[in-house]
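Structure assessment
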Amino acid sequence: MTEIAFETRSVSKFFPGVKALQNVSIQMRSGSIHALLGENGAGKSTLIKLITGVYRPDEGQLFAGAQEVHFNRPHDAIAAGVGVVHQERNLIPRFSVAENMAMGQTTIDPLKPIDFRRLNELAEPWLDMLGLSIDPAIQVSRLSVAQMQMVEIAKALSQRTRVLLLDEPTASLTPTESQALFDVLHRLRADGVSMMFVSHKLEEVQEICDTVSVLRDGVNAGENIPMRDLQRKDLIRLMIGRDETIPEARRRQASAQSVALELRDLSTSFGHRNVSLDVRRGEIVGLYGLIGAGRTELAKTIMGLGALTGGEILRDGAPVTITSPTDALHRHRIGYVSENRKDEGLILDHSVLENAGITIWRRSANRLGWLSRSGVRMRTVPFLDRLAVKTPSLHQKVGNLSGGNQQKIAMAKWLAAGVDVLIVDEPTVGIDVKSKAYLHQLLRELADDGTAVLLITSDLPEMISLADRILVMDEFILKGAVANTRDYKAMSQSVMEHIHHSTDELRQAQAASA
Amino acid sequence: MTRNLFQSDWATPMLVALTIGLLISLFNPAFLATFNLQVLLEAVSINVLIALSQMVIIAIGQMNLSVGALGGLAAVVFAGLMEVFGLPPALAGALALGVGLAGGLFNGVLIGMTGISAFVITLATLSIFKGLNLAITQAQPFYEIPDAVKSFGNETLFGPFPIILVPAAVIVVLMVVFFNRIPVGRWLLAVGGNAHSAELSGISITRTVIVAHCLSGVLAASAGILLVARLQLGQPTIGDDWLIMSFAAPIIGGAILSGGHVSTVATVFGVLIVAQITQALVLFHIDPFFVQVVLGLMILAAVGANQLRDLRLQRAPQE
């Protein structure tokens, strides 16, 4: 085997109330592509931030080659030859390709005029090396997403990067563009660059990676395993398989209840085809799938944020048209707890009370349209208490609270709104065990009180402990339903079969058409 | 690389400015009279500096509400030093620029160090600078301005070209070079364009913010000094009406308020457009108070045009 280019030895990172990473060891070898897998909240992004100098490990060591390194800031990592191409673009849109690539060079006299012609000359060989026919003088904002990504790789290489991290590089690329990217990565591998490839698309990972590490709940679930020893189902097992007991929950009998929300042959502009499902009052229906399966997009469509191209949505048996989240909440009494609580679920700069009360401002305003503070308090405080939100006061900024407490507040605001249908998207990602248990208990109580709950989660144990029925989605299509027997082993087996089966079919179809 | 003239940032503002000039002179040939052009160019010389002092802050994606208060403070310091202490104009001018630099440094350090929004900080310093101004002047103008300064502010080189056009033009050229060629100038645009990325590339955001505000202060002070020379007195009210103008010209010139994109040349044409319209209202005997209304409408029109352009850029097929 080739030499190790970068290594983490038993690194751990703790945040208040959460162990984000524990004793994680990975080895990246020169001339090799290492895959990093894991579901949301497994600790992938924390690990990347440790390797790129954004965070410092609380325990453990980092080695670049044989030498131990300490990164205090991102620039230290760059200086040590570690580069990263992030999911979000990190280029200055109005600057030229060449100038973007030159940024970050430390040996620049701040007052000496820039020689753009020279920058272009310097950029050219790196662009050529990646096989890019881009004019280095062109503005980055005129490039396609795929080209920007290539420019970021070129930039990293021009900074003498020997260890390159790629964080979901294909998330917004077309298949052809992805293939072009893989060609480049293969060439870099031949040149001895060590790469880490983070992706949720297992086919890609199998195609281009040599070794793989899997994170699950912040610990190594698989450490530096050669890819050729693994099949897709092994990867899925490593990502979601768990030996833990599922708490026994009382069975609900919801079949007698009326259907609160039904989707009939729904097709959407996101790419869903003929999705049919129903959720009864007092029932928790789970929607399982790997990331990118189209679950969040389905929720957004129900909330009026996506366009229907076919089929219909029925609420209490009557067809409805939902045009916006406001419409969904006030007219149809459907609530949505977003997976992305920081950007979509909460206003971090506002107080606990303001966040929890936001959904009921309309209804708690008195006849003159005035908002009475005591009115809002009366309606929200019981829910905040019930969720055991830990906050010094109701006026504390939500941004200052822990992830678990933030999620409780995001949930409380929908409870206060008194919705009949609640869609919950990844409710416990990144929060501590105790808060998780509270949230689970709460969802059960809600269902017992007659709320119809559609639960989206990638956490299979959570799904099995909460859901009455589990629907499996893959590639924007519902693949089938699994009755919940609470037997984890059997459940995970049949869920995996649904997903695995679908991709096999797809492959066969592709092979047939090719 | 040959760039099409009409693709450049300033082509549209230039065409608009020329069209407006042409229209006005068609309806009223007096517009082209030497004296009229001189008044126009005097206004442009000073307003360009005001607009640039805001533009450097727009470049980093912030705003500076204190440009008028700081420029006014520098103006009364300039006039006061000459009247009360009898300092020679050059020394008084240098010290007044120093006041602008110090005020800008104060803004920049507060914003850069605390991370509090520039809007709030400069709102507070606006009040501080204006208060200092009134404390120095007791709200009375300084009348004793040396003749040399008066003639500097009111005589022409030749034809309609005022002397004060020279410092303004020099500063414009320096700013063009600064934003296009000098690393520090590029850092301003980088921080405004994508602060996170700039920081990852090793650019200090704090330092860049401080530099921008210092520059803004010096530009505001230079506008104040030129205005004292032109008005021939140190008015304590100098700067009170700069704010809208300071934003209007860069915006008309296509600057993006969230930062990262400004054009010095387009801003100059923005100033020219505003000055021409202001003068047209006078030539056509329209109530001068209407200028404010027109200025507001022009800002709205410019923002709307920018929005349209961005939408079209987004929809355009990418190469």
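Here is a short report on the structure shown in this document. (Residues numbered from 1 in each chain as written. Chains lettered and ligands numbered in written order. Predicted model: local features only at pLDDT ≥ 70, side-chain atom pairs only at ≥ 80, totals over all residues.)

1. What about the interface of chain B and chain A?
Every contact between the two is made by 19 residues of chain B and, on the other side, 21 residues of chain A. The dominant element in the side of chain B that touches chain A, judged by the number of residues it contributes, is helix H8 (residues 183-193) of chain B, at six residues. Looking at side-chain class alone, the side of chain B that touches chain A contains seven nonpolar, nine polar and three charged residues. (Contact = placed C-beta atoms within 7 Å. Helix = DSSP H or I, 4+ residues; strand = E, 2+ residues; numbered from the N terminus. Nonpolar A, V, L, I, M, F, W, Y, C, P; charged D, E, K, R; others polar.)

2. So, the packing of helix H1 (residues 11-27) of chain B against helix H12 (residues 264-283) of chain B
Residues and elements named next belong to chain B. At a minimum axis distance of 8 Å, the contact between H1 and H12 shows a crossing angle of 20 degrees. As summarised for this structure, H1 and H12 are arranged roughly parallel, according to the angle between their axes. Note that H1 runs across H12; the crossing there is left-handed. Of the residues in H12, those in contact with Pro13, Met14, Val16, Ala17, Ile20, Gly21 and Ile24 of H1 are Ala266, Phe269, Gly270, Leu272, Ile273, Gln276, Ile277 and Ala280. (Axes fitted to C-alpha atoms, helices over the stretch in contact; angles between N-to-C directions. Parallel < 35°, antiparallel > 145°, perpendicular 65-115°, else oblique. Left-handed = near helix turned anticlockwise from the far one by under 90°.)

3. Things to note about the sheet that holds strand E10 (residues 219-226) of chain A
Residue and element names in this part refer to chain A. Spatially, the six strands line up as an open sheet ordered E6-E7-E8-E3-E9-E10, and their pairing is mixed. The sheet is open, and its two edges are formed by strand E6 (82-85) and E10, each paired on a single side. Pairwise comparison of adjacent strand axes, ignoring direction, gives a mean angle of 15 degrees for this sheet. The sheet contact formed by strand E3 (residues 32-37) and strand E8 (residues 194-198) spans five bridges and is parallel. Each bridged residue has a counterpart across the sheet, and for Leu36 the counterpart in E8 is Val198. Running over the sheet, helix H1 (residues 44-51) touches E3, E6, strand E7 (163-167), E8 and strand E9 (211-216) and is turned about 150 degrees from E7. The strands touched by helix H5 (residues 145-158) are E6 and E7; relative to E6, the strand with the most contacts, the crossing angle is about 175 degrees. (Pairing = 2+ DSSP bridges.)

4. Details of helix H3 (residues 67-84) of chain B
With 18 residues, H3 of chain B should cover 26 Å at 1.5 Å per step; its first-to-last C-alpha distance of 25 Å lies within 8% of that length. In the segment just after H3 of chain B, Gly86 of chain B is the residue with positive phi, at about 65 degrees. (Expected span 1.5 Å × (residues − 1).)

5. Some details on the sheet that holds strand E11 (residues 259-268) of chain A
Residue and element names in this part refer to chain A. Taken in spatial order, the four strands of this open sheet run E12-E11-E14-E15, and their pairing is antiparallel. The open sheet is flanked by strand E12 (275-280) and strand E15 (318-320), the only strands paired with a single partner. Shown here is a sheet whose adjacent strand axes are inclined to one another by a mean of 20 degrees, direction ignored. For E11 and E12, the ladder comprises five bridges, and the chain directions are antiparallel. When the bridges of E12 are listed, Leu261 appears paired with Val279.

6. Regarding the pairing of E10 of chain A
One face of the sheet, then the other: side chains in a regular strand alternate in exactly this way. Pairing of E9 of chain A with E10 of chain A, which is carried by five bridges, proceeds in the antiparallel orientation. When the bridges of E10 of chain A are listed, Val214 of chain A appears paired with Gly222 of chain A.

7. A look at unusual backbone geometry
Phi is mostly negative for residues that are not glycine, and the peptide bonds are mostly trans. All names here are of chain B. Although it is not a glycine, Ala139 adopts a positive phi angle of roughly 65 degrees. Its location among the elements puts Ala139 in the loop between helix H5 (118-137) and helix H6 (147-154). At His285, a residue that is not glycine, the phi angle is positive and equals roughly 55 degrees. If you trace the backbone, His285 turns up in the loop between H12 and helix H13 (290-315).

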